Amino acid sequence: MTTTSAEALTALILSARGVRPQSLANAEAEEVLNIALALLIELSVSNDRIDRLERMVAALRDEPVSALRDVRYDGEAAQERQEAMEALLARVLRIMLDPRVQPPAAAAS
Amino acid sequence: MKVRDLQHAVLPETSAEQRSRQEAVVALRRLLNTRVRPRNVEAFASEAQPAFIAAYGRAPQSPEEVQRAFLLSPSYRRWSAANRAAQEMIWVSVGEPIYRDLDRMRAAARALVTAPDRKGSLNLDPDYDPSAEVADVDIHLQPGGYAMDRGEDDVVAGALYECGGNVFSFGQGIGRADSKAGVVIRLLDERFGGLRPQRILDIGCSAGAASAAYAAHYPDAEVHAVDIGGAMLRYAHARAESLGVGVHFHQMDASAMTFADGSFDLVVSHNLMHEIGEAKRRAMMREARRLVRPGGVVIHQDVAIRDQPTIVHQVERDWDTHFNGEVHWSTYATADLRADMRAAGFAADEIVEHDLAAVQGFAGNRWYAISARKPA
Ligand SMILES: C[S@@+](CC[C@H](N)C(=O)[O-])C[C@H]1O[C@@H](n2cnc3c(N)ncnc32)[C@H](O)[C@@H]1O
């Protein structure tokens, strides 16, 4: 029977003991920072995977990987990339774009 | 022998993706250590001290007050939170491959430690109850701690220590070819007339990186190594066998070892002093002196965090005590180790403290050591 990654991570996390004091003034902020940094690591992992694929494709096409990466978008493709980038920013920065501000009472607590 | 980043049969198999994750954690830690942490002392002057004065009407004085002041600095808090997050991610990045590959690793370890042609030995003591001051804490947040032993064939604590230690060290700027044993071997050559020990004791050996390196460097020597946890020692023994060197591992407490007086030419401890309290450290040093033969050498090596220029630097270095489960970090940093060596039985003129360059590393890494030769 093989152990899945999720099971392995659960076993690891459950074996940890003791208190882990926070540094930031706000515990929720510290949690979010931990999540953001973990996502940073995962992004780097994904970038490595893309890099591996690019190198493989370049090898299959018998061209240097720099040639494969040296793409300049124009026309319809450029438009598509632009739209995709704007949508990404809108998703990630939703909180800054959302006109609904918190009521002062909730914000102060 | 290289001690870090070695290939052997009890290491977990890792996928390219898992290696990417470990490398990203190394890079994150390196950035925090080289680019962010150096600003802490400056942030003390610009943020922490003014905030403390605003709150209490005077400058912070004691280490406790300096620590409280640091926590008033947003820059320090951001670094501290990020550093702890990165420390936790060390264990996540190495723990996943270990727990996934554990069945194979346990089988490999069992085969190695019971092989008829094994060179070393494993001596576990079922009656030994691992020293609680270490066993009950997740030191440097290693899940389960040094002494975690999940029963027969378990090797998790050893694998976590070795794999996590590599990710930690590379992020700390410690080179892949660095070796604390190498530093001691160089010291023996330069300061102790090239003593070639025939019997060596490594106290607090963990996964046995140094123990195996001594066995490789002195192929005629008999090397013994002591630690507290069964799973750590099983892993250490299997690792040494897989590397083809003989080391005799013992589950024993550093404060009360069962070897006869004068059994060893060289007694070393690597990075042990900062993990144990005052009483244990003194008892360990007494034991080290008892166990070395007349004319033999004792060397206790550890991290170079002693002798900080100011109290602010000292408290900044003491982050590990508060946030990294290093309960005895500051006990060690501020201890009078010369006095302890004298209390252990060495004469003042036999004791030498050393500020040692690492064998390899990019950040000007140094190690501390205190040594003494027992009169012949
Ligand atoms: C930081 S590790 C150092 C390991 C290794 N010597 C190295 O340099 O990589 C400290 C080790 O000391 C061990 N230790 C702590 N207290 C001990 C005691 N009372 N007796 C023997 N070993 C102890 C711990 O279990 C741990 O493996």
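Here, every reference points to the structure presented above.
Everything quoted here is computed from the prediction, not taken from an experiment.

K.L.:
Tell me about the overall build of chain A, and name the residues and values.
P.N.:
For chain A, the count of helices and strands is six helices and zero strands. Counted from the first residue to the last, chain A has its helices and strands arranged as α-α-α-α-α-α. What you see for chain A is a C-alpha radius of gyration of 22 Å, clearly larger than the 13 Å of a compact globule of 109 residues, by over 25%. On the principal axes, the C-alpha backbone points of chain A span a range of 60 × 50 × 25 Å.

K.L.:
Could you give an account of the pairing of strand S4 (residues 248–251) of chain B, naming the residues involved and the relevant values?
P.N.:
Residue and element names in this part refer to chain B. The sheet contact formed by strand S1 (residues 121–123) and S4 spans three bridges and is parallel. Of the residues in S4, the one forming a bridge with Ser121 is His248. Alignment of strand S3 (residues 222–227) against S4, held across four bridges, turns out to be parallel. Directly across from Asp227, in S4, lies its bridge partner Gln251. In this fold, the crossover linking S3 to S4 by way of helix H10 (residues 230–242) has right-handed handedness.

K.L.:
How would you summarise the site of the ligand if you had to cite specific residues and measurements?
P.N.:
All names here are of chain B. Among the 18 residues in the neighbourhood of the ligand, the closest are listed as Lys180, Gly204, Ser206, Asp227 and Ala254. Lys180 is positioned such that a nitrogen or oxygen atom in its side chain is 2.6 Å from an oxygen atom of the ligand. At a separation of 2.6 Å, an oxygen atom of the ligand approaches a polar side-chain atom of Asp227. Against a free-state accessible area of 600 Å², the protein chains account for coverage of 97% of the ligand. Looking at the shell around the ligand residue by residue, the class counts come to nine nonpolar, four polar and five charged.

K.L.:
Can you tell me about the packing of helix H8 (residues 180–191) of chain B against helix H9 (residues 209–217) of chain B, naming the residues and giving the values?
P.N.:
Residue and element names in this part refer to chain B. Interhelical geometry of H8 versus H9 gives an angle of 45° and a closest axis separation of 8 Å. What the angle tells us is that H8 and H9 run oblique. Crossing of H8 against H9: the hand is right-handed. Contact with H8, carried on its side by Ala181, Val184 and Ile185, involves Ala210, Ala213, Tyr214 and His217 of H9 and no other residues of that element. Residue composition of the contact of H8 with H9, grouped by class: six nonpolar, one polar and no charged.

K.L.:
Just give me the short version of the environment of Thr321 of chain B, but keep the residues and values in it.
P.N.:
Residues and elements named next belong to chain B. Here Thr321 shows up in helix H13 (residues 319–323). As a C-alpha pair, Thr321 and Ile53 span 268 residues in sequence and 25 Å in three-dimensional space. Every residue in contact with Thr321, bar those within four places of it in the chain, is listed here: Glu326, Val327, Trp329 and Ser330.

K.L.:
How would you explain unusual backbone geometry if you had to name every residue and give the values?
P.N.:
Negative phi characterises most residues that are not glycine, and trans characterises most peptide bonds. Residues and elements named next belong to chain B. Despite not being glycine, Asp153 shows a phi value in the positive range, around 70°. Along the chain, the position of Asp153 falls in the loop between helix H6 (132–135) and helix H7 (156–172). Although it is not a glycine, Ser206 sits at a positive phi angle of roughly 50°. The exposure class assigned to Ser206 is buried, which follows from its relative accessible area of 7%.

K.L.:
Would you mind going over the pattern of salt bridges in detail, with residue names and values included?
P.N.:
All told, the structure shown has 35 salt bridges over all chains when counted by the stated rule. Measuring nitrogen to oxygen at the nearest pair gives 2.8 Å for the salt bridge that ties Arg55 of chain A to Asp51 of chain A. Taken together, the residues Arg55 of chain A and Asp51 of chain A, both in helix H2 (residues 27–61) and four residues apart, mark about one turn of the helix. Residue classification places Arg55 of chain A among the partly exposed residues on the basis of a relative accessible area of 45%. Residue Asp153 of chain B is joined to Arg110 of chain B by a salt bridge in which the shortest nitrogen-to-oxygen separation is 2.7 Å. On the criterion of sequence distance, the pair formed by Asp153 of chain B in the loop between H6 and H7 and Arg110 of chain B in helix H5 (residues 102–114) is long-range, its members being 43 residues apart. On the basis of relative accessible area, Asp153 of chain B is assigned to the buried category, the value being 14%. Arg110 of chain B gets classed as partly exposed once you look at its relative accessible area, which sits at 40%. Taken together, the salt bridges that share partners define one network made up of Arg17, Arg20 and Glu30 of chain A together with Arg84, Glu88 and Asp138 of chain B.

Procedures and definitions
- Residues numbered from 1 in each chain as written.
- Chains lettered and ligands numbered in written order.
- Predicted model: local features only at pLDDT ≥ 70, side-chain atom pairs only at ≥ 80, totals over all residues.
- Heavy atoms only, no water.
- Helix = DSSP H or I, 4+ residues; strand = E, 2+ residues; numbered from the N terminus.
- Rg over C-alpha atoms; globule rule 2.2 N^0.38 Å.
- Pairing = 2+ DSSP bridges.
- Right-handed = clockwise from strand over helix to strand, strands pointing away.
- Near = heavy atom within 4 Å.
- Polar contact = N/O pair within 3.5 Å; in protein donor to acceptor, adjacent residues only side chain to side chain.
- Areas by Shrake-Rupley, 256 points an atom, 1.4 Å probe, with all protein chains shown as cover.
- Nonpolar A, V, L, I, M, F, W, Y, C, P; charged D, E, K, R; others polar.
- Axes fitted to C-alpha atoms, helices over the stretch in contact; angles between N-to-C directions.
- Parallel < 35°, antiparallel > 145°, perpendicular 65-115°, else oblique.
- Left-handed = near helix turned anticlockwise from the far one by under 90°.
- Contact = heavy atoms within 4.5 Å.
- Buried < 20%, exposed > 50% of the residue type's maximum accessible area, 1.4 Å probe, protein only.
- Salt bridge = Lys/Arg side-chain N within 4 Å of Asp/Glu carboxyl O.

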